[in-house]
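Structural description and commentary
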Amino acid sequence: MSETVLRIENLSKCFGKRWVVQNVSFDVRPGEVFGFLGPNGAGKTTVIKMIMGFLRPDSGRILLNGYDREKQYEKAMERIGGIVENPEMYKEFSGRRNLELYARLHHAAPSRVEEVVRTVGLENRINEKVKKYSLGMKQRVGVAQALLHRPNILILDEPTNGLDPAGIRELRDILKHQAHEEQVAVMVSSHMLAEMELMCDRVGIIENGVLRGVMDVGSMLEQVSGGEMYVYTLADVPKALALLQEADSPARVAEQAEQSLTLAIPRDALAATSSLLAQAGLLGLQKKQNTLEDAFIHITGGGTQIA
């Protein structure tokens, strides 16, 4: 996975006087699923729209298969496929007819339509009109459409929208197969952290238009070990919060419930934190397994809802 097929260099975008993306740089390689995470309004969709050609950057470069998207647009976009927001289709036509029309635009063989239909598991419903499809089924047809011309870069914005748990698992398998077996570079934006942890090889986190970090999922989870997660069961949570604030504790609140606090604590501060919280009626202490959600909280400082 050493070659780079998608490279973002110092990408910036301003709406009015507000910079929504600032000097973002990362790359996506063939054979990997790259997850793109961030809070609401962080700039994820803006970045994706610039990659797909729906928005022009104010500064920076986008290279697709080595071609500059601004200067060599047709060459750059030849082998990219994707879905931004909801897939657009002719609702009065069947899923198959929509795919056939799109295949003609890309000079794809009719047999390719059958291949992508099988890939997304829609053999039994592909002849029905799109207006009868659920959002999840439309997402599947959208993925099939994006795969028709055999792209080597696949970009999907919230691809699991509308899918039930079984559908999410199937889509995850499809995307991992495209990356790991077909050597496609897959970039996925999603708010489902647990699912991204299962799906992605590397993850980039963006907040307030600034890229906070890019690393493989394993390394990101290890990084959280500098602030391991512990669940404290307490008799008096408000008192515990006051004690932490008064002591200027390095422990950071990740979650708060009526009788518990989940804290990110540096390794060398665990004993002192536990001793401090004993004054608030410490009833129990449990180490929490690090997850991608913990890593997200660790990197962004927590307290933000992702989307």
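Reference entry: report on the structure contained in this document.

Rules used throughout
- Residues numbered from 1 in each chain as written.
- Predicted model: local features only at pLDDT ≥ 70, side-chain atom pairs only at ≥ 80, totals over all residues.
- Heavy atoms only, no water.
- Helix = DSSP H or I, 4+ residues; strand = E, 2+ residues; numbered from the N terminus.
- Buried < 20%, exposed > 50% of the residue type's maximum accessible area, 1.4 Å probe, protein only.
- Areas by Shrake-Rupley, 256 points an atom, 1.4 Å probe, with all protein chains shown as cover.
- Core = buried A, V, L, I, M, F, W, Y, C linked by side-chain atoms within 4.5 Å.
- Contact = heavy atoms within 4.5 Å.
- Salt bridge = Lys/Arg side-chain N within 4 Å of Asp/Glu carboxyl O.
- Pairing = 2+ DSSP bridges.
- Axes fitted to C-alpha atoms, helices over the stretch in contact; angles between N-to-C directions.
- Phe/Tyr/Trp six-rings, centres within 6.5 Å; stacked < 30°, edge-to-face > 60°.

Below, the discussion takes up the overall build of the protein chain. A count of helices and strands for the protein chain gives 11 helices and 14 strands. Reported as C-alpha extents along the three principal axes, the dimensions of the protein chain are approximately 70 × 45 × 35 Å. A buried classification covers 50% of the 307 residues belonging to the protein chain. Surface summary for the protein chain: the accessible area is close to 14,800 Å², and the carbon and sulfur share equals 46%.

With that settled, consider the nonpolar core. Within the largest apolar cluster, 44 residues are counted, with the highest numbers of intra-cluster contacts made by Leu-37, Leu-99, Leu-154, Leu-175, Val-186, Val-203 and Leu-292. Residues contacting Leu-154, with those up to four places away along its chain left out, are Gly-81, Gly-82, Ala-146, Leu-147, Leu-175, Val-184, Ala-185, Val-186 and Met-187. In terms of nonpolar packing, the next biggest core, distinct from the first, is built from 29 residues, Phe-34, Ile-62, Val-84 and Ile-206 among them.

Summed over the entire model, instances satisfying the criterion amount to 17 salt bridges. Between Lys-129 and Glu-92 there is a salt bridge, with its nearest N and O atoms 3.8 Å apart. Of this pair, Lys-129 sits in the loop between helix H4 (110–119) and helix H5 (135–147) while Glu-92 sits in the loop between strand S6 (80–83) and helix H3 (95–105), and the two are 37 residues apart along the sequence. Residue classification places Lys-129 among the partly exposed positions, given a relative accessible area of 35%. Across the pair Glu-100 and Arg-97 runs a salt bridge whose closest N-O atoms are separated by 3.8 Å.

A word on the sheet that holds strand S9 (residues 202–207). Here six strands make up an open sheet; going across it, the order is S6-S7-S8-S3-S9-S10 and the pairing mixed. One side of each edge strand has no neighbouring strand; the edge strands of this open sheet are S6 and strand S10 (210–216). Taken pair by pair, the neighbouring strands of this sheet meet at an average axis angle of 15°, ignoring direction. The sheet contact formed by S6 and strand S7 (residues 153–157) spans four bridges and is parallel. Bridge pairing links Ile-83 to Leu-156 in S7. Together, S6 and S7 form the strand contacts of H5, whose direction differs from that of S6 by roughly 170°. With respect to the sheet, helix H6 (residues 165–180) is in contact with strand S3 (33–37), S7 and strand S8 (185–189), its orientation differing from that of S8 by roughly 145°.

This part covers the sheet that holds strand S12 (residues 252–256). Read from one edge of the open sheet, four strands run S12-S13-S11-S14, paired in antiparallel fashion. One side of each edge strand has no neighbouring strand; the edge strands of this open sheet are S12 and strand S14 (282–288). Within the sheet, the average angular offset between the axes of one strand and its neighbour, ignoring direction, is 25°. Two elements, S12 and strand S13 (residues 260–265), share four bridges in a ladder whose sense is antiparallel. Directly across from Val-253, in S13, lies its bridge partner Leu-263. The strands touched by helix H9 (residues 237–246) are strand S11 (228–234), S12 and S13; relative to S13, the strand with the most contacts, the crossing angle is about 25°.

Moving on, we get to the pairing of S11. Most of S11 sits inside the fold, with five of its seven residues counted as buried. Pairing geometry for S11 and S13, over six bridges, is antiparallel. Across the sheet, residue Tyr-230 finds its bridge partner in S13, namely Leu-263. Bridging between S11 and S14 involves six bridges; their strand directions are antiparallel. In the strand pairing of S14, Val-231 is matched with Gln-286.

With that out of the way, let us pick up the packing of aromatic side chains. In this structure the tally under the stated criterion is three aromatic pairs. When the centroid spacing of 5.4 Å and the interplanar angle of 40° are considered together, the rings of Phe-26 and Phe-36 count as tilted. Taken together, the positions of Phe-26 in strand S2 (residues 18–28) and Phe-36 in strand S3 put the pair 10 residues apart, joining distant regions of the chain. For Phe-26, a relative accessible area of 6% puts it in the buried group. For Phe-36, a relative accessible area of 0% corresponds to the buried category.

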